[in-house]
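Reading the structure
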Amino acid sequence: MTKPESRAARLAPETYGTPWALRNLPPFPGVAIQVLQILSRDDVHVSEIGKLISVEPVFAADVLQVANSALYGLRSRVMTVSHAVVVLGLERVKGVTLTRAFGTYLMPVLGVEALQRCWQNSLAGALLAEKLARSCGINPDIAYTAALLRDIGRLALLVNYPGPYANMLAVAQENGYDLMDVERNLFDIDHCQAGCWLMDSMALPAELREVVAGHHAQPGDEPFGLVRLVRVADLMSDALGFGILVSSTAPDFADVLPELPETARARFPFDAEELRTEIASKIEILSQGQDLSRAKR
Ligand SMILES: [Fe+2]
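Here's a quick rundown of the structure.

What counts, and where the lines are drawn
Residues numbered from 1 in each chain as written. Predicted model: local features only at pLDDT ≥ 70, side-chain atom pairs only at ≥ 80, totals over all residues. Heavy atoms only, no water. Helix = DSSP H or I, 4+ residues; strand = E, 2+ residues; numbered from the N terminus. Buried < 20%, exposed > 50% of the residue type's maximum accessible area, 1.4 Å probe, protein only. Core = buried A, V, L, I, M, F, W, Y, C linked by side-chain atoms within 4.5 Å. Donors = N, O, S within 2.8 Å, 3.2 Å for Na, K, Ca; no water. Tetrahedral: all angles 85-135°; square planar, octahedral: opposite > 155°, others 65-115°.

Remarks on the environment of Gly103
Among the structural elements, Gly103 can be located in helix α5 (residues 90-106). Residue classification places Gly103 among the buried positions, given a relative accessible area of 0%. Spatially, the C-alpha atom of Gly103 lies 15 Å from that of Ile53, the residues being 50 residues apart in sequence.

Regarding unusual backbone geometry
A positive phi angle, near 55°, is found at Asn24, a position not held by glycine. Here Asn24 lies in the segment before α1 (30-39). A positive phi angle is found at Asp188, which is not glycine, with a value near 65°. Among the structural elements, Asp188 can be located in the loop between α10 (179-187) and α11 (191-201).

Focus: the nonpolar core
Formed by 105 residues in total, the largest nonpolar core has its most connected members in Ile53, Phe187 and Met236. The leading source of residues in this core is helix α6 (residues 113-133), at 11 residues.

Section: the coordination of the iron ion
In this structure, Asp151 (OD), His191 (NE2), His215 (NE2) and His216 (NE2) serve as the protein donors to the iron ion, at separations of 2.1 Å. Coordination at the iron ion is irregular, judged from the four donor atoms that bind it and the angles of 86 to 177° they form at the metal. Sequence spacing of the donor residues for the iron ion, all on one chain, is D-x39-H-x23-H-H. Here Asp151, found in the loop between α7 (140-149) and α8 (152-160), pairs with His216, found in the loop between α12 (206-214) and α13 (226-239); they are 65 residues apart in sequence, far enough to count as distant.

See below:
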């Protein structure tokens, strides 16, 4: 496979500052960066995030659209971002904000179906992590944000090199290659490494960095926590048909369930088709106005 023309060198990223594949990356939306930076603080007042989002009216309207959608089933209409923070809670508004910010960031490349699938995969994993979290004793809103950020490295690579990334997906699809291997072959960095570099560059919390670094790793004997939850949500996305590749090697839904703690399996009503329909309709709601709902599966 031919590498993108702009590769400057084959040096290992750690010897070279910014990995070449992440150089000249279009900046993340300002509001996303500020929300991400708030993630690392525990002294945030609810009014702070409301003000931050309200500064950008188009963005604030986006957040309100999601807050008022069927996703949250609120009885009364939320008219201001500050009100949304009060009604939905700070953590959830962070998740909604990041979702819209990344959706906007990816807009220029979402005309390519293969890249659209990547974003849908991110959303499906976030929604599944949120849904599974409570039965695993984990805060659902934090689970959502962590799972949404798990592939931030992939989103950056595909925004920076949409054509090569889409070609890479096609080659991986055709030959059954491992996606992390082909990422390293093409970009000298895989999406987990790219994500860690981005998390470090924004000084994001270690807990989220661990998710980015470890969501594809085989679990050891550590207790079930955020990294393992996001890993299961990721596998479940593939099993339910929201994978990045249209693959016959996607895991079987029944084979993913044993990865959950027994208490979660006992408490959670698992019906694969019902879950797939629910996640698909939530993705559609989250994608309203962003023209993602036309993606084929
Ligand atoms: Fe990933």
